[in-house]
Amino acid sequence: MERLGLGPDQIFKVNPCLIYARLTGYGQYGELSQKAGHDINYISYSGVLSCLGRFSEKPYAPINLIADFAGGGLMCALAIVTSLFERQTKGINEKVIDLSMVEGAAYLSSWLWTSRDIPGVWSGTERGNNLLDGGFAPYETYKTKDGKYVACGSLEPAFYNQLLEGLQFPEDKVVTKEALEEIFKTKTRHEWEEIFKKLDACVSPVLELDEAPIHPHNKERTSFLQMSDGSCLPSMNWLNQSTKNQNFEIPMIGQHTTKILNDFGYTNQDIEDFLKEGVCQDSKNLKSKL
């Protein structure tokens, strides 16, 4: 950004109240700062990847949710919001946020460090052999008769007892993964869902992406948006109730270029010159969507 004349020093001369956020894989300095990487690399350096996976198997990356979206985008947005509050309440200006996705992923996962001394949570340093990562039979996913899955989170005694009741688990049998696998395979996911609707056992269906938007609870809360092409996307109705029952369309890249620049006071001729010079883009010349 400095090479473009848009570094923080140059920007703050124009407006010292701006908040300058830099989100990168490894940060602005350090021996890795100039190296390329992806989510899997960032969480590997954060220590988090070492905790993810099944017992006696290699670590696995949970798609790109931890570093890119949570430790990266979400943490950066939170840093900007807190900086805005800091500016408003303390008058702090010229704020530069230097967030690496390594640090964001680690901070997001702080509980992995702070919970080490909690009895019963960790049985050692081996992943996949602990309370919440597959080492405890009542906290696991199980395959059902129809090849689908249920999620079981019956940690506390009250939920655990309800689990045994719903499964009609034999009193003389030890609760193991193998025993639960055998029982869950005797009924379809829907049958188990109907059984546990009447109980508070923390047992739920593992819904697939096309199933989640049409689940009765999610439909009632409008948890997903209906797009103009018939597809669905998660909504933010919990933040803005006015968006309920509206149809949305994913914008094309540059779809609103002219309107936004007009709002900033640029004339149509200015915008036409920008487009010719490649300063900005317009959706009329593009086919791909964001």
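These notes cover the structure that comes with them. In this convention, every chain numbers its residues from 1, walking through the sequence in written order. Local features in this predicted model are restricted to residues whose pLDDT is 70 or higher, and side-chain atom pairs enter the listing and the counts only when it is 80 or higher, whereas totals over whole chains, interfaces and linings include all residues. Side-chain metrics in this entry use all non-hydrogen atoms of the structure; hydrogen atoms and water are not considered.

Sheet architecture is open: three strands sit in the order β3-β4-β5, paired in antiparallel fashion. Of all the strands in the sheet, just β3 (139–143) and β5 (203–205) have a single pairing partner and so form its edges. Here the strands of the sheet are splayed against their neighbours by 20° on average, with no regard to which way each runs. Pairs of strands are assigned from DSSP output, requiring at least two bridges between the strands. Strands are runs of DSSP state E lasting at least two residues, helices are runs of H or I lasting at least four, and both sets are numbered from the N terminus onward. Looking at chain direction, strand β4 (residues 149–153) and β5 are connected through three bridges and run antiparallel. Pairing of V150 across the sheet is with P205, part of β5. To get an axis, fit a line to the C-alpha atoms, keeping to the stretch in contact for a helix; angles then go from 0 to 180 degrees between the N-to-C directions.

Bringing the environment of L180 into the picture now. Turning to its location among the elements, L180 is positioned in helix α7 (residues 177–184). Separated by 174 residues in the primary sequence, L180 and L6 have C-alpha atoms spaced 59 Å apart. Once residues lying within four places of it in the same chain are set aside, the contact partners of L180 are A137, P138, Y142, L167, F169 and V175. Whether two residues touch is decided by their heavy atoms; if any such pair falls within 4.5 Å, the residues are in contact.

Right, let's talk about helix α8 (residues 189–197) for a bit. Given 3.6 residues per helical turn, the α-helix brings residues three or four places apart onto the same face. Every buried residue belonging to α8 is among R189, W192, E193 and F196, and all of these are buried. Seen from one end, α8 has its buried residues packed into an arc of 105°, which puts them on one side. Residues of α8 that are buried sit in contact with β4, α6 (157–167), α7 and β5. Burial classes follow relative accessibility: with a 1.4 Å probe on protein chains only, a residue under 20% of its type's maximum area counts as buried, one over 50% as exposed, and anything between as partly exposed. What the arc measures is the spread of directions leading from the helix axis to the C-beta atoms.

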